[in-house]
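# Tertiary structure, described
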Amino acid sequence: MLPAMQDQKMGGIIDQGFDTVTLLERKKMAMFSESTRREFLVQLGGLGVILSQPQLVFGQQPLPTRMIPGTDESLPVIGLGSSKPVLEIPTEGTEPVAAVIRMLLEHGGRLVDTSPRTPDIDAEFGRVLAEPDIRDGIFLATKINTPSEETGIQQLEQTERLFGRRTIDLVQVESLRGLQSHWPRLQEMKDSGAARYIGVTVSSYRNFDRLEAFMRTGSPDFVHVNYSVIETRAEERILPLAQDLGMGVIINRPFMNGTYFGQVSDRELPPWAADFDCESWAQFSLKYILAHPAITCVLTETTNPEHMEENIQAGFGRVPDQTTKQRMRDVFSG
Ligand SMILES: NC(=O)c1ccc[n+]([C@@H]2O[C@H](COP(=O)([O-])OP(=O)(O)OC[C@H]3O[C@@H](n4cnc5c(N)ncnc54)[C@H](OP(=O)(O)O)[C@@H]3O)[C@@H](O)[C@H]2O)c1
């Protein structure tokens, strides 16, 4: 079982083995002197917050990590899906994407997922990725998203050139497009060291059957799939299969590209969400995802560093158990 999941069950939740202080509490703590801060932590203990090791709190420890199966490498459990801030570079510049990456790095995050865009956009993004504090801190995942072998190779060459990298951490075939053409090339990249890991992505149920078939024959290092408290179907077959076959799992669409927030905008967060250290609807879906032991890392896409920080906090503290997960699904089934 994964280290983040192996701890004791605690009244309908699973302690991930990490201690959590809420954003609000952290802001309050910043106002206190060191001596009153210690006192405050003791008071929090009295309020039921798990603080067995008070020094290990959100904001003071790096994001929890999970092992990439079959390796001795681990990844922090929250990553950045960079599509929106990268596509907005022509209008908003590079500052927003740089700011969300830096927020991720500040909290010990590493995984930044991207796709090939226009050469102009990727040249700008490549300059961000070359910034000294970003360059060596991130685990870069990119994709081929074109059907033909020839254009796939051109995309990879563009990525290597504009991102200034001879080695890409993870190269994926996006939405299984052109998979038969691209996969031998990706295997060559892995053999030559140009890619450290190779994988495939889907973001829709319609590709699940093909994904499952490929997982059984293609031996990808990673599968990257849509999953959330509303889009739960991956837990039927894809996630157990990934566990059986020892594949890393990256999750997209935790917020269904933002439409999730439309479904919860007029609802109060259930008070029992506090039982698994959840204080926002964003964390509600992320905690649901992270409760599954197959998951290596959840991508959250955002242009907003505060949203990034809120999402990162979901990586700390307890996660819901199976009974609570059913209760969470029920919130959306009416
Ligand atoms: N086939 C594929 O390979 C594929 C397909 C889809 C996605 N992906 C990957 O997955 C990543 C995630 O994309 P997604 O479509 O799945 O997006 P998502 O993370 O489900 O949703 C993104 C939306 O949620 C909003 N958001 C994020 N955090 C929030 C918070 N704490 N509070 C309120 N709103 C918040 C963002 O708006 P703000 O900017 O305002 O925060 C944005 O509009 C992509 O960037 C990409 O890397 C891959």
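Residues numbered from 1 in each chain as written. Predicted model: local features only at pLDDT ≥ 70, side-chain atom pairs only at ≥ 80, totals over all residues.

### Describing the overall build of the chain
The number of helices and strands found in the chain is 15 helices and 12 strands. Considering only contacts in the chain between residues 6 or more positions apart, those separated by 24 or more positions represent 76%. (Helix = DSSP H or I, 4+ residues; strand = E, 2+ residues; numbered from the N terminus. Contact = placed C-beta atoms within 7 Å.)

### Notes on the environment of Arg166
Within the fold, Arg166 resides in the loop between helix 8 (149-162) and strand 7 (168-173). A residue is classified by how many C-beta atoms lie within 10 Å of it, and Arg166, with 7 of them, is exposed. Separated by 28 residues in sequence, Arg166 and Ala194 place their C-alpha atoms 6.1 Å apart. Other than its neighbours up to four places away in sequence, Arg166 contacts Glu160 and Ala194. (Buried ≥ 20, exposed ≤ 12 C-beta atoms within 10 Å, placed from the backbone.)

### Brief notes about the sheet that holds strand 11 (residues 297-301)
Pairing is parallel around the closed barrel formed by 8 strands, whose spatial order is 4-5-6-7-8-9-10-11. When the angles between neighbouring strand axes are averaged without regard to direction, this sheet yields 30°. Where strand 4 (residues 78-81) meets strand 5 (residues 111-113), 2 bridges bridge the pair, whose relative direction is parallel. Residue pairing for strand 5: Gly81 is matched across the bridge by Asp113. (Pairing = 2+ DSSP bridges. Axes fitted to C-alpha atoms, helices over the stretch in contact; angles between N-to-C directions.)

### Description of the site of the ligand
For the ligand, the set of nearby residues contains 28 residues, the closest of which are Gly81, Thr201, Ser203, Asn252 and Gly258. Secondary-structure elements contributing two or more residues to the shell around the ligand are helix 3 (83-87), strand 11 and helix 14 (305-313). Considered class by class, the residues forming the shell around the ligand number 6 nonpolar, 16 polar and 6 charged. (Near = placed C-beta within 6 Å. Nonpolar A, V, L, I, M, F, W, Y, C, P; charged D, E, K, R; others polar.)

### Digging into the nonpolar core
Among the nonpolar cores identified, the biggest contains 75 residues, and Val223, Val225, Val249, Ile251, Leu290 and Val298 are the most heavily contacted of them. When residues of this core are assigned to their parent elements, the largest contribution, 7 residues, is made by helix 13 (residues 281-290). In contact with Val249, other than residues within four places in its own chain, are Val223, Val225, Leu239, Ala242, Ala294, Ile295 and Thr296. (Core = buried A, V, L, I, M, F, W, Y, C linked by C-beta atoms within 7 Å.)

### Focus: the confidence of the model for the chain
As a note on interpretation, predicted positions should not be read in detail where pLDDT is low. Confidence along the chain averages 87 in pLDDT terms, with 83% of residues attaining 70 or more. Of the regions scoring below 50 in pLDDT, residues 1-12 engages in 28 contacts with residues more than four places distant in sequence or in other chains. Contacts of residues 17-56 to residues separated by more than four positions or lying in other chains number 42 contacts, the stretch itself having pLDDT below 50. (pLDDT = per-residue confidence, 0-100.)

### A few points about the environment of Ala194
Relative to the assigned elements, Ala194 resides in the loop between helix 9 (179-192) and strand 8 (195-201). Judged by the 17 C-beta atoms lying within 10 Å of it, Ala194 falls in the partly exposed class. Ala194 sits 26 residues away from Ile168 along the chain, and the two C-alpha atoms are 6.2 Å apart. The contact partners of Ala194, leaving out residues within four places of it in the chain, are Arg166, Thr167, Ile168 and Met189.

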